[in-house]
Amino acid sequence: MPRGPKSKLHTHEKHHQARGEIQRRRSAQATAAKEKAFPSLAPPPFSVLPHRKPAARSHSTLKKSQRALSTKSAGVSHTRSYKGANRKIEKKRSSSQAPLTTVQSQGDPLTNITGILVQFLMHMYKRKKPIAKADMLKIVSKKYKNRFLEILKRASFSLEVVFGVDLKEVDSTKHSYILVSKMDLPNNGTISRGRGFPKTGLLMNLLGVIFMKGNCATEENIWEFLNKMRVYAGKRHFIFGEPKKLITQDLVKLKYLEYRQVANSDPPRYEFLWGPRARAETSKMKVLEFWAKINHTVPSAFHSWYEEALRDEEERVKATVTLQAEVDATASEYPRECPASASHT
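The rules behind each value
Residues numbered from 1 in each chain as written. Predicted model: local features only at pLDDT ≥ 70, side-chain atom pairs only at ≥ 80, totals over all residues. Heavy atoms only, no water. Axes fitted to C-alpha atoms, helices over the stretch in contact; angles between N-to-C directions. Helix = DSSP H or I, 4+ residues; strand = E, 2+ residues; numbered from the N terminus. Parallel < 35°, antiparallel > 145°, perpendicular 65-115°, else oblique. Left-handed = near helix turned anticlockwise from the far one by under 90°. Contact = heavy atoms within 4.5 Å. Nonpolar A, V, L, I, M, F, W, Y, C, P; charged D, E, K, R; others polar. Expected span 1.5 Å × (residues − 1). Buried < 20%, exposed > 50% of the residue type's maximum accessible area, 1.4 Å probe, protein only. Pairing = 2+ DSSP bridges. Core = buried A, V, L, I, M, F, W, Y, C linked by side-chain atoms within 4.5 Å. Domains from an automatic or database assignment.

Student: Give a description of the packing of helix 6 (residues 148-163) against helix 11 (residues 284-294) that names residues and reports values.
Tutor: Their axes nearest at 10 Å, the elements helix 6 and helix 11 cross at an angle of 130°. Judged on the interaxial angle alone, helix 11 and helix 6 are oblique. For the crossing formed where helix 6 meets helix 11, the hand is left-handed. For the pair helix 6 and helix 11, the contacting residues are Phe157, Glu160 and Val161 in the first and Phe290, Lys293 and Ile294 in the second. In terms of residue class, the contact of helix 6 with helix 11 is built from four nonpolar, no polar and two charged.

Student: Before we move on, could you go through helix 7 (residues 200-212) and cite the residues and values that matter?
Tutor: The terminal C-alpha atoms of helix 7 lie 18 Å apart, and with 13 residues this matches the ideal 18 Å at 1.5 Å per residue to within 8%. Of all the 13 residues making up helix 7, 13 are buried; the element is thus mostly covered by neighbouring parts of the structure. Phi turns positive, to about 85°, at Gly214, one or two residues after helix 7.

Student: Go over the pairing of strand 6 (residues 176-181) with me, naming the residues and quoting the values.
Tutor: The pairing of strand 4 (residues 131-132) with strand 6 spans two bridges and is classified as antiparallel. Counted as the bridge partner of Ala132 is Ser176 from strand 6. Of the pairings in the sheet, the one linking strand 5 (residues 165-171) to strand 6 comprises six bridges and is antiparallel in character. Bridge pairing links Asp166 to Val180 in strand 6. Between strand 5 and strand 6, which follow one another and run antiparallel, lie four residues, and His175 among them has a positive phi close to 55°.

Student: Give me the lowdown on the nonpolar core, citing residues and values where you can.
Tutor: Among soluble globular proteins, nonpolar side chains are generally buried collectively. One finds Leu226, Ile247 and Leu251 to be the most contacted residues of the largest nonpolar core, which totals 68 residues. The element that contributes the greatest number of residues to this core is helix 4 (residues 109-127), accounting for ten residues. Two domains share this core, each providing at least three of its residues, namely domain 1 (109-181) and domain 2 (187-323). Every residue in contact with Ile247, bar those within four places of it in the chain, is listed here: Leu206, Ile222, Trp223, Leu226, Val252, Leu257 and Phe272.

Student: Report on the sheet that holds strand 5, specifying residues and quantitative values.
Tutor: Note on sheets: strands pair through backbone hydrogen bonds, and any given pair is parallel or antiparallel. With antiparallel pairing, three strands are arranged side by side in an open sheet as 4-6-5. Edge strands, defined here as strands with exactly one partner in the open sheet, are strand 4 and strand 5.

Student: An account of the environment of Ile210 is needed here, citing residue identities and associated values.
Tutor: Mapping Ile210 onto the fold places it in helix 7. Taking the C-alpha atoms as reference points, Ile210 and Phe272, 62 residues apart in sequence, are found 6.9 Å from one another. Leaving out residues up to four positions away in the same chain, Ile210 has contacts with Asn215, Cys216, Ala217, Ile222, Leu257, Phe272, Leu273 and Trp274.

Student: So what's going on with the sheet that holds strand 8 (residues 257-261)? Residues and values would help.
Tutor: Taken in spatial order, the three strands line up as 7-9-8 in an open sheet, and their pairing is antiparallel. Here the strands that pair on one side only, and so sit at the sheet edges, are strand 7 (217-218) and strand 8. For strand 7 and strand 9 (residues 270-274), the ladder comprises two bridges, and the chain directions are antiparallel. Considered in strand 9, the bridge of Thr218 is made with Glu271. Contacts from helix 7 reach strand 7, strand 8 and strand 9, with the element oriented near 105° to strand 9.

This is the structure:
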């Protein structure tokens, strides 16, 4: 008996579904292959960072920014952030800038406290002052003092992966700490004078992208990466400022990045490479360690890049040894005693 219209339609739909399933599988395989070739980088934890509260006319902009950063804002009074010995710091801040809000993660009360501690640590970093454990304990409420080490670890992680600043203990008896930038960007990493946040963390991310793209990343590669961090060209970021100017002008002028036109490209396209100051102040291994930290793994997890980073370290050691040998040889060519002084003896 010949099949009716309904039967034919049902068969056609099944074939269509089968083709769709095959296409989805192929797409998934292609995506997996791409991710394997270029590992994804977890975005820095902006959720523990403070940001300025704009005027009423910018309320919609704030909402967009908050959605982009995937955070939830909680209006925490800045005067409640610090107590006791830190009231002077608080008074100075409140008179010089707009009120700050801290970002709070629902279900995790430590995130808000971590954010307040990050604010305090960044303030001390800008003042180039050592940080005492006793002062940090004044910021943490009594309820969470027994979890201070956990809070400090979270704050240290945020400072490192967002700002590129390491928290180091300098006196184990007095429990005194300092913050040290991973690179030597001007003005404590803020680049320009005045208020602002260090840009070292962003630079370390960019150097990682360039390294993992074969030591040369197209401008499209860079913006694809930055967009995943919710950083967009032409849109001012509350930490990094205007990103396009930062990466195509400021960091290029400082010789941390090289920005050049792709050969024979028409219309012109551009690409990024490490600049000479980046090569002098950091290494592929240090950048890989930075990426591993963000992804909560170890550098060797990025196998092929880890091998390249090891070779780079060996080449750096050889270059240093060769240079030292040349310096020693040059020094040995000169007499130890000045001839003029010898003639007078």
